Amino acid sequence: MKKIVLSGILALSTQAYALVDYSSPVQADAPKAKPNSAPSKMASAGPSSISMEKFFSLNTGIEKLKVNYGGQTNKVSLYSLGGHFQTPYNIYMDASFWGASAADSKITDKNKTQMGNPTMKLGFNWLTLGNASELATFDFTAGMMFAGPKSSDFSSSRTDAMVGVELTKRFSDFALLLGYEYRFAGKTKISEETPVGNIQKIMASLGWKISNDIRFALEGTMYRVGQNKLNTPNAGLSENISFASLSPKLSLGLASSVDLELGALYRTRSVSLKDDIVDARLWDLKGLYGNSIFANLVLSL
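Residues numbered from 1 in each chain as written. Predicted model: local features only at pLDDT ≥ 70, side-chain atom pairs only at ≥ 80, totals over all residues. Heavy atoms only, no water.

J.: Account for the overall build of the protein chain, naming residues and giving values.
T.: Per the secondary structure count, the protein chain includes two helices and 15 strands. Burial statistics for the protein chain: of 301 residues in total, 51% are counted as buried. Of the contacts formed within the protein chain by residues at least 6 apart in sequence, a portion of 63% connects residues at least 24 apart. When the accessible surface of the protein chain is totalled, it reaches about 13,400 Å², and 61% of it is carbon and sulfur. (Helix = DSSP H or I, 4+ residues; strand = E, 2+ residues; numbered from the N terminus. Buried < 20%, exposed > 50% of the residue type's maximum accessible area, 1.4 Å probe, protein only. Contact = heavy atoms within 4.5 Å. Areas by Shrake-Rupley, 256 points an atom, 1.4 Å probe, with all protein chains shown as cover.)

Have a look at this one:
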């Protein structure tokens, strides 16, 4: 996985996700292209976007964080790979995959990159209002997070289903996104993993076009992880946990279809990181395990 992501970074020199694609608004007498909604930030994909012209994107990235676990600070690296495809029928598809490594760590004794969980989502452009510079959209999403390999110390053995809604609104050089997602957590299949209950996510993001090649976005996210109520190998979480994070991002245009995104993530409300939280393997929930810095490359066509 690490080789795939690093080779993707070298090969792509690509474009990172910003809240909105700030291509010049289409003329009043020109046919309007259908808007799309890009992937929400996976394990390092980035916030949703409105795009008036681009129907395919491929992203790859790396995230570095420090996790307090087992009485020591553990350095963890997360590697992500994802894609987005917008069809001409108001339906789009997102796919993502991630891996992780933690050398000299109590989290794992394997000194190599280990696979995470693949996720696939379908989005439905339910409602579109306004012209290009004032566009508003309302989308429904539905998807699955699939179980990862049992040999990995990072991937979850659950298969989760998820549904959500997203509202985006463009204000010339600014754009706002509001989103909600509900994840139905499946059963864990291995005793080493801490079972959890259903997961709720609330997100708000504001994007600003500074110039044609520079964009800035600020994203806030809140999560609520429910206690385990399923018949699983062990008891799991005995109470609900909630946490929140704030993530500023700077997107630099390297070419007409290529951006580099640099950012950081800060926890604004954290939880006590007990061993069972780390063993819950919720690495795709950004901010749960600590602050981080990241870099993404995205190619958009």
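J.: Can you explain the pattern of salt bridges? Please cite residues and give values.
T.: Across all of its chains, the model carries eight salt bridges by this definition. A salt bridge links Lys286 to Glu63; its shortest N-O distance comes to 2.6 Å. Linking Lys286 in the loop between helix H2 (275-278) and strand E15 (292-300) with Glu63 in strand E3 (residues 56-69), this pair joins segments that are 223 residues apart in sequence. For Lys286, a relative accessible area of 9% corresponds to the buried category. (Salt bridge = Lys/Arg side-chain N within 4 Å of Asp/Glu carboxyl O.)

J.: Break down the layout of surface pockets for me, with residues and values.
T.: Computed from the structure, the second largest pocket encloses a volume of approximately 200 Å³. Residue lining of the second largest pocket: Tyr182, Ala185, Val196, Gly197, Asn198, Gln200, Arg224, Gly226, Gln227, Lys229, Leu230 and Asn240, and that is the complete set. Considered class by class, the residues forming the lining of the second largest pocket number four nonpolar, six polar and two charged. (1 Å grid on protein atoms, 1.4 Å probe; cavity = no way out; pocket = protein on both sides within 12 Å on 5 of 7 lines; lining within 4 Å. Points joined across faces, edges and corners; volume = space filled by probe spheres on them. Nonpolar A, V, L, I, M, F, W, Y, C, P; charged D, E, K, R; others polar.)

J.: So, the environment of Ser238: which residues are in play, and what are the values?
T.: Tracing the chain through its elements places Ser238 in the loop between strand E12 (214-225) and strand E13 (241-255). Taking the relative accessible area as the measure of exposure, Ser238 reaches 64% and is therefore exposed.

J.: I'd like to hear about the confidence of the model for the protein chain, residue by residue, with values.
T.: Per-chain confidence: the protein chain averages 83 in pLDDT, with 80% of residues scoring 70 or above. Confidence over residues 1-53 falls short of pLDDT 50; this stretch has 187 contacts with residues more than four positions distant or in other chains. (pLDDT = per-residue confidence, 0-100.)

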